[in-house]
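Close look at the chain arrangement
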Amino acid sequence: MKERQPEPGYPMRLALVSVCLCTALGTLLWRVVDLQINDRAFLQGQGDARVVRTEPIPGHRGMIVDRRGEPLAVSITVASIWADPSLLDPDEVPLGELAASLEMAEESLRERVQAFAGKRFVYLRRHMQPAAAERVMELGVPGVSVRREYRRFYPAAEVAAHVVGITDIDDRGQEGLELAYEQVLAGTPGAKQVVKDRRGRVVRRLRTLRAADPGQDLQTTIDLRIQYFAYRELKSAVRQHRARGGSMVLIDVPTGEILAMVNQPSFNPNDRRDMKVAYLRNRAITDSLEPGSTVKPFTVAAALATGRYHPATLLNTSPGHMRVDGKTVRDHRDYGMLDIRDILAKSSNVGITRLALDIGPQRVREVFGQVGFGESTGTGYPGEDSGMLPSRRKWKDIQTATLSFGYGLSATPLQIAQAYATLAAGGVRRPVSLVRAAAGPEPWRVMEVKIANRVLGMLENVTEEGGTGTRAGVSGYRVAGKTGTVHKVDGKGGYAEDDYVAMFAGVVPASRPRLAGVVVIDGPRGEKYYGGEVAAPVFARIMGDALRILNVPPDAAGNRLVRRGTEPVARDKNADA
Amino acid sequence: MAPILGLGVLLGAVCATAVSVVETAHHGRELANRLELLEDQADRYRMEWDKLLLEQGAWSGHGRISDIAGRRLDMEAPDPFEIVTIRQ
């Protein structure tokens, strides 16, 4: 190494360089301090704003189940693929491959991306199977992300479609119980913070801001087994009679719970491509119609309550028609002298009119109102029709007469079923319900037990030999019920000659009522149109199945009832004959 | 000596807390990872359950059951008169 020689310095130069270096260093240091301390909050915020994202955690929607816990509506996990069009250049990515994995046409995918070119978000495909969505993500296309969502699935499909209702694509209730109990069912979405890279991929999860809160399950009063049988029978009857539609409601008498409620036409809530808005209507609750002869038992109840009539009281219905205020009330034929029992069994309009005119309209109207006509049933079902029960200060005789046999008022099938359930419960009205554990008003008495039971007893004659409802007979059980055949209003201020509604309302088993129900067939276009021919057989078949499912012991004579402990005698069916 | 000792203790404490901060952060990250794993697992179970529910819906549809019972197994609903009812 070369020995250093003291040299004459250049002090000015050294000072200048030192000052320059120190200034530069000081500037840098200051910049560091400035960035690290003074601007820290701002810069951190800016950084976070570019990478930290708040992501929603979807809340799971509650299930709707039947009374035994069978699912009627469940939310299943699906994946929706979305893209940020500003990151997704249709010319750079393998669009064909992406389209194939999305099961879309390449052209429609391209159009979709280009249509949303200026935006930062577009759904490419919603509600895919999670496994299929994973295959899409494996392509690793920049700007394409997946979002987890839930889709409603209805295991019972069209069988319970009307009761359950539907949700929209964002899982919000639109119809039926899905809408009525939206608050209970809907989950509250949570939120989480994540760090994302420029392509929108989650790099790191920071923290959960709010945990997702799942919605509560909703238990309905429907028994899916009975619902299924009811649906099947109603559907085949509507098809067989080429009817416009139909409804069936079945109520558990001891509790007032609705065990089955079906309508035709129905729809498949899992596949809505062929769905029409009209199919969505739960006619049993939303459509009222004139109840016709099915209200006659209540006119009779009003007459018995006066104490002036007795089931055996005779009335003259000759000659089978009578003039009231210039209009004619007709029977099918001249029945002559009939007692009240037979007036119901034959469904004599003349006989009922004589009763009603004698006791006056107010008494009839009062009984109708007490069994629930003209007022809401309180099920909370959206779009419920309360029907119409006229109240007048002055009644013309013809108005009294028509009211007594079920015209000039309107009721939904559910209201008719409710009225029969009240009769079946010995005159105690229990509010009907569609949802379990829904606190309703306490039951209250609207009719004397004696009168309710007498009317019920008389209704048994309807289904026996000589009555109008013999086809409602259920093998092994005693059936009390009433037929109804109503002319439909033709829209021109009159009644249509050849447009009917066939009905049957009844109670089984008559000796210890368990089920009350009504079958309504709207506009049968076949040769048969009477309630006793069209609706009664449907009633019989559905009730037969329901009684068997519910293990209700048969009450008709000829059944084998064995006490526990005694030997049941094994016999085959041939030996019985 | 005393001030130097005090400084040494403080230095040691600073080092210890620094290490424990790192340790806690690491532990927190581990737990977060675990949470994420468990949540993913819960998700997978949930999806599996959804799939099974769909399958059950398809296999146990009432229409299918009654079809099999009636056609393939030749079963029929008994007439009430064929049923012996036992009263308790």
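First, a word on scope: everything that follows refers to the structure included in this document. The model shown is predicted, which means the values in this text are computed figures rather than measured ones. (Residues numbered from 1 in each chain as written. Chains lettered and ligands numbered in written order. Predicted model: local features only at pLDDT ≥ 70, side-chain atom pairs only at ≥ 80, totals over all residues.)

Overview of the overall build of chain A
Threshold: Going along the chain from the N terminus, every DSSP run of H or I of four or more residues is numbered as a helix, and every run of E of two or more is numbered as a strand. Here the globule rule reads 2.2 Å times residues to the power 0.38, and the radius of gyration is calculated from C-alpha atoms. Exposure is read from a count of other C-beta atoms within 10 Å of each residue's own; the residue is exposed at 12 or fewer, buried at 20 or more and partly exposed in between. C-beta atoms are placed from the backbone.
When you go through chain A residue by residue, the secondary structure sums to 19 helices and 20 strands. Computed over C-alpha atoms, the radius of gyration of chain A comes to 37 Å, more than 25% over the 25 Å expected from 2.2 N^0.38 for 577 residues, which places it beyond the range of a compact globule. The principal-axis extent of the C-alpha atoms belonging to chain A is close to 150 × 65 × 50 Å. A burial count over chain A gives 45% of its 577 residues as buried.

Describing the nonpolar core
Residues and elements named next belong to chain A. Selection rule: The term nonpolar core refers to a group of buried residues, namely Ala, Val, Leu, Ile, Met, Phe, Trp, Tyr and Cys, whose C-beta atoms join them within 7 Å. We call two residues in contact if the C-beta atoms placed from their backbones are at most 7 Å apart.
One finds Leu250, Tyr420 and Ala535 to be the most contacted residues of the largest nonpolar core, which totals 129 residues. Among the elements that take part in this core, helix α18 (residues 531-549) stands out by supplying 10 residues, more than any other. Excluding its chain neighbours within four sequence positions, the residues that come into contact with Leu250 are Ile226, Ala230, Leu259, Ala260, Leu515, Gly517, Ile542 and Ala546. Membership of the second largest hydrophobic core comes to 16 residues, among which are Val78, Leu102, Val113 and Tyr150.

Section: the pairing of strand β13 (residues 327-330) of chain A
The two faces of a sheet get side chains in turn, since along a regular strand they alternate between them. Residue and element names in this part refer to chain A. Counted only if it meets this: One bridge is not enough; two strands pair if DSSP finds at least two bridges between them.
Both strand β12 (residues 321-324) and β13 contribute to a ladder of 4 bridges, which runs antiparallel. By the bridge assignment, His321 is partnered in β13 with Arg330. Between the antiparallel neighbours β12 and β13 lie 2 residues, among them Asp325 with a positive phi of about 50°.

Focus: the packing of helix α14 (residues 361-370) of chain A against helix α15 (residues 397-404) of chain A
The relative placement of two packed helices is expressed as an angle between their axes plus a distance between the axes. Residues and elements named next belong to chain A. Basically, it comes down to this: Interaxial angles span 0 to 180 degrees and are taken between N-to-C directions of axes, which are lines fitted to C-alpha atoms, for helices over the stretch in contact. When the near helix sits turned anticlockwise from the far one by under a right angle, the crossing is termed left-handed; a clockwise turn instead gives a right-handed crossing. Three classes are used: nonpolar for Ala, Val, Leu, Ile, Met, Phe, Trp, Tyr, Cys and Pro, charged for Asp, Glu, Lys and Arg, and polar for all others, with Gly counted as polar.
Close contact between α14 and α15 brings their axes to 10 Å; oriented N to C, the two are set at 30°. Crossing geometry of α14 relative to α15 is assigned as left-handed. Contacts between α14 and α15 involve Pro361, Val364 and Arg365 from the first element and Gln399, Thr400, Leu403 and Ser404 from the second. Across the contact of α14 with α15, the residue classes tally to 3 nonpolar, 3 polar and 1 charged.

So, the environment of Gly387(A)
Residue and element names in this part refer to chain A. Assignment of secondary structure puts Gly387 in the loop between α14 and α15. Overall, the presence of 23 C-beta atoms within 10 Å leaves Gly387 in the buried class. Residues Gly387 and Thr286 lie 101 residues apart in sequence; the distance between their C-alpha atoms is 9.1 Å. Setting aside residues up to four positions removed in sequence, Gly387 forms contacts with Ser288, Phe373, Gly374, Ser410, Ala411, Thr412 and Gln415.

Some words on unusual backbone geometry
Residue and element names in this part refer to chain A. The omega torsion across Gln264 and Pro265 is -5°, close enough to zero to call that bond cis. Each neighbour pair has its own omega, and for Val508 with Pro509 the value is -25°, a cis peptide bond. Within the fold, Pro509 resides in the loop between β18 (495-508) and β19 (515-522). Of note, Asp325 is a non-glycine position whose phi angle comes to about 50°, a positive value. With respect to the element layout, Asp325 can be found in the loop between β12 and β13. Under the C-beta neighbour-count criterion, Asp325 is labelled exposed, with 10 such atoms within 10 Å. Unusually for a residue other than glycine, Asn551 sits at a positive phi of about 55°. Structurally, Asn551 is set in the loop between α18 and β20 (560-563). Exposure remark for Asn551: the 8 C-beta atoms within 10 Å place this residue in the exposed category.

Quick word on the environment of Leu456(A)
Among the secondary structure elements, Leu456(A) is positioned in helix α17 (residues 449-462). Judged by the 23 C-beta atoms lying within 10 Å of it, Leu456(A) is buried.

Describing the sheet that holds strand β6 (residues 190-196) of chain A
Residues and elements named next belong to chain A. Strand order across the open sheet formed by 3 strands is β1-β6-β7, with antiparallel pairing between neighbours. With one partner strand each, in any of the chains shown, β1 (52-57) and β7 (202-210) form the two edges of the open sheet. In this sheet, adjacent strand axes meet at a mean angle of 30° when their direction is disregarded. Where β6 lies against β7, 6 bridges are found, and the strand directions are antiparallel. Pairing of Lys196 across the sheet is with Val202, part of β7.

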